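Here is how the chains run, residue by residue.
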Amino acid sequence: MSRTEIDTGTNDEQPPPEDDRAFLGHPKGLLTLSGLEVWERFSFLGMQAILVLYFADTVAHGGLGMDPGTAASVSAAYGTLVYLVSVAGGWLADRILGSYRAVLWGGILIACGHYSMAVPTAAMTWVGLGLISAGTGLLKPNVATMVGKLYRTDDDRRDAGFALYYMAINIGAFAGPLITGWLGDHKGWHWGFSAAAIGMTFGLIQYVAGRRHLAGRKHSAESALAPDALRRAIRMIVIGTVVVAVVAGALAMAGWLTMDRFVDLLTLISVIAPVVYFWVMFASPRVTAEERGRLKPYIVLFLASVAFNFILFQAYSTMMLLASTNARTTILGFDFPASWYASALGAFEVLLAPVVAAVWARMGHRQPHASNKIAYGVILGGLSFLLMVLPTSGHADDTYKMAAWWIVGSYLLLGLGDVLLETSGMSATSKLAPKAFASQTMSLWFLSLALANGIQAQTVKLYDDVSKPAYFGVNGAIAVAVGVGVIALAPWLRRTMHPVH
């Protein structure tokens, strides 16, 4: 792709005027970015809805034959890797590629990963998951950053725009498990992975077609490295990648790097990475005192995101396992695959996001502070798990079947919490980000997702060892307590989070 196709001048670097309301009262670029995320979420969550079931299925039925706890742990570890790589994706966008090209190349890697998983061999499954992890790390933080560039900081449409963006991507979250789940159940798991590959291809096509509407689209990175530093960085990236691959391969062949140790290593990195990242930003001379002050309340939002997403991501692991073994898969006489429960989460978010967006737009400056929106989301996430204590209690063994409405009700609470937290969290992140770390600060938000998955990778190992009421009750209560704690800190957060309202 030529430079002229990407960089059309300085006008592309400015947010559009406030009278740009071509897409439901919002900038045209929101349609392009939302369309990309519809297909990215279709592929990512469509695949994830069947991934833990594929891991846990018997080899004779085309699965990998893992026990349920291990399957959930490995699935969570994959999620950890996806969001850990987002740090590198943010840095590459800021320093080398620019947001537009980072998203483009990320989408290409994701598509290649899904096509790899369509090949019915275990080896290609791991290759595909590696490619998807790398691609999502490039795409995910930078798409959210590009959405933020569509609005001025003081634009009251900003939170509503993120809510519409989140509604659009959850259309993919709704449709993905329906297609991949049906194919996986009726044709085979790798047919489901093929559908995810085709979806990501559609997303790439519409992204390139609508690129002229994207604010901040440019050929070079915003904080590009000098030529000598760029050459050194590329050399170090290549050498580092080769060294890591060789060492990991040697340790695996020697029998030391087992799956369990790899999962534990990812959890350890997910804890260390955000600590180091916060320290780097606080210590950087390119971060002003005012920007440094806004990072302090961001730590609270970061921890709130960890607590909520620890619950959310289990919608695709322990909740899928519970649905496959202890929930009825019939509603009004219609039989459906257990993976379709994941579509209920996407459906609720599709329905609730425009309602939330309309409420915030109508309230204007009277809407709750962003920290309170996030706190309400965490509490709802905790309640979604506490609800599951009721249908899992009082059974003599694990052969019972709960009504489908219990899981649907849990996903309703979780979906509303997700809309409240993720839209406000991403919007607040784009406002609080130090200028020198714009894309990377959004990566820091995604590191909260990595930490949530890292903790989940360890916790889900207990899923088969403790009672279901204890498992869901304790995890849900912790999330509710975190949400209440954020509400208690609201006065301090309002004072320190300017310009976030």
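Remember, predicted model here, so these are calculated numbers, not experimental data.

Conventions and cut-offs
Residues numbered from 1 in each chain as written. Predicted model: local features only at pLDDT ≥ 70, side-chain atom pairs only at ≥ 80, totals over all residues. Heavy atoms only, no water. Helix = DSSP H or I, 4+ residues; strand = E, 2+ residues; numbered from the N terminus. Buried < 20%, exposed > 50% of the residue type's maximum accessible area, 1.4 Å probe, protein only. Contact = heavy atoms within 4.5 Å. Areas by Shrake-Rupley, 256 points an atom, 1.4 Å probe, with all protein chains shown as cover. Phe/Tyr/Trp six-rings, centres within 6.5 Å; stacked < 30°, edge-to-face > 60°. Patch = residues over 30% accessible without salt bridge, like charges linked within 9 Å, V, L, I, M, F, W, Y side chains within 5 Å. Salt bridge = Lys/Arg side-chain N within 4 Å of Asp/Glu carboxyl O. Lys, Arg positive; Asp, Glu negative; His and termini not counted. Charge placed at Lys NZ, Arg CZ, Asp CG, Glu CD.

A. Seen up close, the overall build of the protein. A tally of helices and strands in the protein yields 18 helices and two strands. The buried share of the protein, taken over its 501 residues, is 56%. For the protein, restricting intrachain contacts to residue pairs at least 6 apart in sequence, the fraction spanning at least 24 positions comes to 83%. Of the roughly 19800 Å² of accessible surface on the protein, a fraction of 69% belongs to carbon and sulfur atoms.

B. Highlighting the packing of aromatic side chains. Evaluated as defined, the whole model comprises 15 aromatic pairs. Each ring, one from Phe-44 and one from Tyr-78, has its centre 6.1 Å from the other, and the planes form 25°; the classification is stacked. Within this pair, whereas Phe-44 is found in helix H2 (residues 28-56), its partner Tyr-78 is found in helix H3 (residues 68-97), the two being separated by 34 residues in sequence. For the residue pair Phe-44 and Tyr-78, the accessibility class agrees, reading buried in each case. Judged by centre distance (5.3 Å) and plane angle (75°), the rings of Phe-336 and Tyr-341 are edge-to-face.

C. Region of interest: a negative patch on the surface. On the surface, a cluster of negative charge is made up of Asp-67, Asp-397, Asp-398, Asp-464 and Asp-465. With relative accessibility at 61%, the residue Asp-465 sits in the exposed group.

D. Geometry of the side chain of Ser-73. By the secondary structure assignment, Ser-73 is in helix H3. Beyond its immediate chain neighbours, meaning those up to four positions away, Ser-73 contacts Val-263, Ala-457, Val-460 and Lys-461.

E. View of the pattern of salt bridges. Under the criterion given, the structure shown has four salt bridges. Lys-140 is the partner of Glu-37 in a salt bridge, and the nearest nitrogen-oxygen pair spans 2.9 Å. Taken together, the positions of Glu-37 in helix H2 and Lys-140 in helix H5 (residues 122-148) put the pair 103 residues apart, joining distant regions of the chain. Residue class for Lys-140 comes out buried when judged on its relative accessible area of 8%. For Arg-41, the salt bridge is made with Glu-40, and the minimal N-O distance between the two is 2.6 Å. For the pair Arg-41 and Glu-40, a shared accessibility class is recorded, and that class is buried.

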